[in-house]
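Tertiary structure, described
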Amino acid sequence: MSKILVVYYSFEGTTELVANSIAKLTNGDLLNIKPVNELKSKGFSKYFWGGSQVFMKKSPSLIDFDLDINLYDTIFIGTPIWAGTYAPPIKSFFAIDDLKGKQIYFFYTHDGGPGKVEKHAKAAIEVNNMFAGTLGLLSVKKNLESNMEIIKSWISSLNL
Ligand SMILES: Cc1cc2nc3c(=O)[nH]c(=O)nc-3n(C[C@H](O)[C@H](O)[C@H](O)COP(=O)(O)O)c2cc1C
């Protein structure tokens, strides 16, 4: 088994639950990426401000992380869906120099409108890496148990 890294962005903790579960099941290391300027609003206006970052194709600067991506061959990358695609901090992560020649699994959490995220993620990953698979999870906090079962069976189906 190669060394595994689970990278994620999570604004409200849902994707974090999934990332923690994947890291546990794969014995992987975790990396929580955060933008330097996080959205301030947790109320309804978060959809406006978060969505406009997506529409303006923002790649926000990330807080420096003290971890060497070069140590890992297999990377899981997880995101909430924002305006039908991956969240802007993940766009920034896809562009980092060290993300090359990896086997990448992509996962996302959403509330029913995943849009074209799988197509977008595959295209972004395949620029410099191998796209190995994807998992989308609906309403994770509402249906925690069944989602945890879905994660378990996904992980056990992978050739890690
Ligand atoms: C700015 C913003 C935009 C969102 N856009 C969508 C969307 O287009 N489709 C959808 O299904 N959920 C959307 N959501 C809901 C989140 O994708 C969903 O609740 C996710 O599980 C949250 O993950 P987190 O708790 O890790 O941040 C949006 C949430 C935010 C904050």
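Just so it is clear, the model here is predicted, and its values are computed rather than measured. (Residues numbered from 1 in each chain as written. Predicted model: local features only at pLDDT ≥ 70, side-chain atom pairs only at ≥ 80, totals over all residues. Heavy atoms only, no water.)

1. Let's talk about the site of the ligand
Around the ligand sit 20 residues in total, of which Ser 10, Thr 14, Thr 15, Ile 81 and Thr 109 are the nearest. Interatomic distance of 2.9 Å between a backbone N/O atom of Phe 11 and an oxygen atom of the ligand. Interatomic distance of 2.8 Å between a backbone N/O atom of Glu 12 and an oxygen atom of the ligand. Burial of the ligand by the protein chains amounts to 89% of its free accessible area of 640 Å². At the level of elements, α1 (14-26), α2 (45-55), β3 (74-82) and β5 (103-110) are the ones that each hand at least two residues to the shell around the ligand. Per-class residue counts for the shell around the ligand are 6 nonpolar, 11 polar and 3 charged. (Near = heavy atom within 4 Å. Polar contact = N/O pair within 3.5 Å; in protein donor to acceptor, adjacent residues only side chain to side chain. Areas by Shrake-Rupley, 256 points an atom, 1.4 Å probe, with all protein chains shown as cover. Helix = DSSP H or I, 4+ residues; strand = E, 2+ residues; numbered from the N terminus. Nonpolar A, V, L, I, M, F, W, Y, C, P; charged D, E, K, R; others polar.)

2. Quick look at unusual backbone geometry
The general pattern is negative phi for most residues beyond glycine and trans for most peptide bonds. Its identity as a non-glycine residue notwithstanding, Asn 27 has a phi of 60°, on the positive side. Mapped onto the elements, Asn 27 comes out in the loop between α1 and β2 (29-32). Located in the positive-phi region is Ala 83, a residue other than glycine, with phi close to 45°. Relative to the helices and strands, Ala 83 is located in the loop between β3 and β4 (85-86). Ala 83 sits in the partly exposed class, given a relative accessible area of 45%. (Buried < 20%, exposed > 50% of the residue type's maximum accessible area, 1.4 Å probe, protein only.)

3. Observations regarding the nonpolar core
With 28 residues, the main nonpolar core has Ile 75, Ile 77, Phe 93 and Phe 106 as its most contacted residues. No other element matches β3, which puts 4 residues into this core. (Core = buried A, V, L, I, M, F, W, Y, C linked by side-chain atoms within 4.5 Å.)

Geometric values such as these leave the question of function open.
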